Amino acid sequence: TPLSVRTARRTAALAQDAERNARELAEIDTAVGFRHVVDAMIAAQKPIVGHNCAVDLLHLVDKFVSPLPSSVVTFKHLVRESFPQIYDTKRITAAAPSIHALFPATGLSAAYEQSCTGVLASTHVHIAQGFSQLLDVETATGAHDAAYDAFMTGTLFARARGVEAARQGADAAATSPPLASFANKINLMRSDGCFDLAVDIESQRVGRSTRIRVYELGGGEATDAVVAALRARFSGAQIDWLGDSACVVTLPEDSSATSDEVLAAAQTVRESALAEDYASYVRRITALPGDPGWDAGSAGGAERSRKRRRGDDDGGARSAPSGDEPSARTCTVL
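Predicted model, so just to flag it, every value in this text is computed and none were measured.

The rules we used
Each chain has its residues counted from 1, following the order in which its sequence is written. Residues qualify for local features only when their pLDDT is at least 70, as the model is predicted, and side-chain atom pairs are given and counted only at 80 or more; totals for whole chains, interfaces and linings, by contrast, use all residues. To obtain the side-chain values, all non-hydrogen atoms of the structure were included, while hydrogens and water were left out. Detection works on a 1 Å grid of protein atoms alone, calling trapped sets that fit a 1.4 Å probe cavities and calling open sets with protein on both sides within 12 Å along at least five of seven lines pockets, with lining residues defined by an atom within 4 Å of a point. Grid points are joined across faces, edges and corners, and a volume is the space filled by probe spheres set on the points. In this count, Pro and Cys sit with the nonpolar residues alongside Ala, Val, Leu, Ile, Met, Phe, Trp and Tyr, while Asp, Glu, Lys and Arg are called charged and the others, Gly among them, polar. Residue types Ala, Val, Leu, Ile, Met, Phe, Trp, Tyr and Cys, when buried and joined through side-chain atoms within 4.5 Å, form a set referred to as a nonpolar core. For every residue, the accessible area obtained with a 1.4 Å probe (protein chains only) is divided by the maximum for its type, and the residue is called buried under 20%, exposed over 50%, and partly exposed between those limits. Elements are defined by DSSP. Helices are runs of H or I of four residues or more, strands are runs of E of two residues or more, and each kind is numbered from the N terminus. The contact criterion used is simple: two residues touch if any of their non-hydrogen atoms lie within 4.5 Å. Two rings belonging to Phe, Tyr or Trp (six-membered ring only in the last case) form a pair when the distance between their centres is within 6.5 Å. Interplanar angles under 30 degrees mark stacking, angles over 60 mark edge-to-face geometry, and anything in between is tilted. Placement of a charge over a ring requires the Lys NZ or Arg CZ to be within 6 Å of the ring centre, with the centre-to-atom vector within 35 degrees of the ring normal.

Participant: Quick rundown of the layout of surface pockets? Include the residues and the values.
Facilitator: Computed from the structure, the second largest pocket encloses a volume of approximately 200 Å³. What lines the second largest pocket is a set of 15 residues, and nearest its centre among them are His 100, Phe 103, Pro 104, Arg 231 and Ala 237. Looking at the lining of the second largest pocket residue by residue, the classes come out as 8 nonpolar, 5 polar and 2 charged.

As structure tokens, then:
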């Protein structure tokens, strides 16, 4: 009958509408993508871990929480409301007294490989079935794959925390969680200070300790040997590669060591090594014609370095451009 035909057509139209709505919702869900992961992280209010994650944190807030505010304090509030505890394994491996000596290099790949040996490896990492290849340094997918970097970072944190827990002892660890003092302290390159998310001030003074550029180190294994000697001599210092034949030594503010002592230590391995104040070096290579200290032979080095490929992920281990200028990927704190 005509009524039955109209009912059938109406039913078919409703079914088509429902199918179209389902497809549209699926497309929207796909477009939302990683937003779901961020929402789950915010809802869980659990600690999150990154490695040299200052820039990552800025992007995370800007893209998924709120446009970056002009106020540093407002930014810190936004971070703490969404992610109440953040741990930066770069800061931990570079500054934690019980941890730093275990990591000759603090770049993510090098630090992870180091965590697979010695006392650090006593903390066992269990992963889901089908992913056991991640535990094999030789067969793993490699750094700069996002998932593998996340795996290395989490493993590094767990093993560093295990070492600190063993040092504290069971009773102390129960009342004071291992590495709790490093919560919300984000690493700053070329500084022995950190960006402290818990401090509500607009202008935060970071480390202004002695920084020395040691250069003319020969490159390759010759530079390796000098860096190893400096790390052995100045155990509390942060030492970052600067190209293939130079490095930057950042001495803690409470260090009594002098630049002459740093140079002497380098020259025990490489007699021709030279040293200079790092801030003066940066001013010289970034100077423009007419500026005080302009040197046509060395200025512009930072621009040239932009065109060179860095060999390390965050400056904590050796990089391999042919020059020794600061990388454009790294913010230099003077």
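Right, picking up where we left off after that structure.
Participant: An account of the nonpolar core is needed here, citing residue identities and associated values.
Facilitator: Note on soluble globular proteins: their nonpolar side chains tend to be buried together. By size, the foremost hydrophobic cluster in this structure holds 20 residues, and its most contacted members are Ile 92, Ile 99 and Leu 179. Mapped onto this core, the elements with two or more residues apiece are helix H7 (108-115) and helix H8 (146-168). The biggest single contributor to this core is H8, with 7 residues. Aside from chain neighbours lying at most four places away, what touches Ile 92 is Tyr 87, Ile 99, Phe 157, Ala 160, Leu 179 and Phe 182. Counting 18 residues, the second largest nonpolar core, distinct from the first, contains Val 227, Ala 237, Trp 241 and Ala 265.

Participant: Pulling in residues and values, what's your account of the packing of aromatic side chains?
Facilitator: Evaluation of the coordinates by the stated rule reveals 7 aromatic pairs. The interplanar angle of 65 degrees and the centroid separation of 5.9 Å between the aromatic rings of Tyr 112 and Phe 151 together place this pair among those described as edge-to-face. Taken together, the residues Tyr 112 in helix H7 and Phe 151 in helix H8 connect sequence positions 39 residues apart. Site record: aromatic cluster; members linked through ring pairs are Tyr 112, Tyr 148 and Phe 151. Stacked on the ring of Tyr 215, the Lys or Arg Arg 213 has its end atom at 4.1 Å from the ring centre. Above the face of the Tyr 281 ring, Arg 213 is positioned so that its terminal group lies 4.0 Å from the ring centre.

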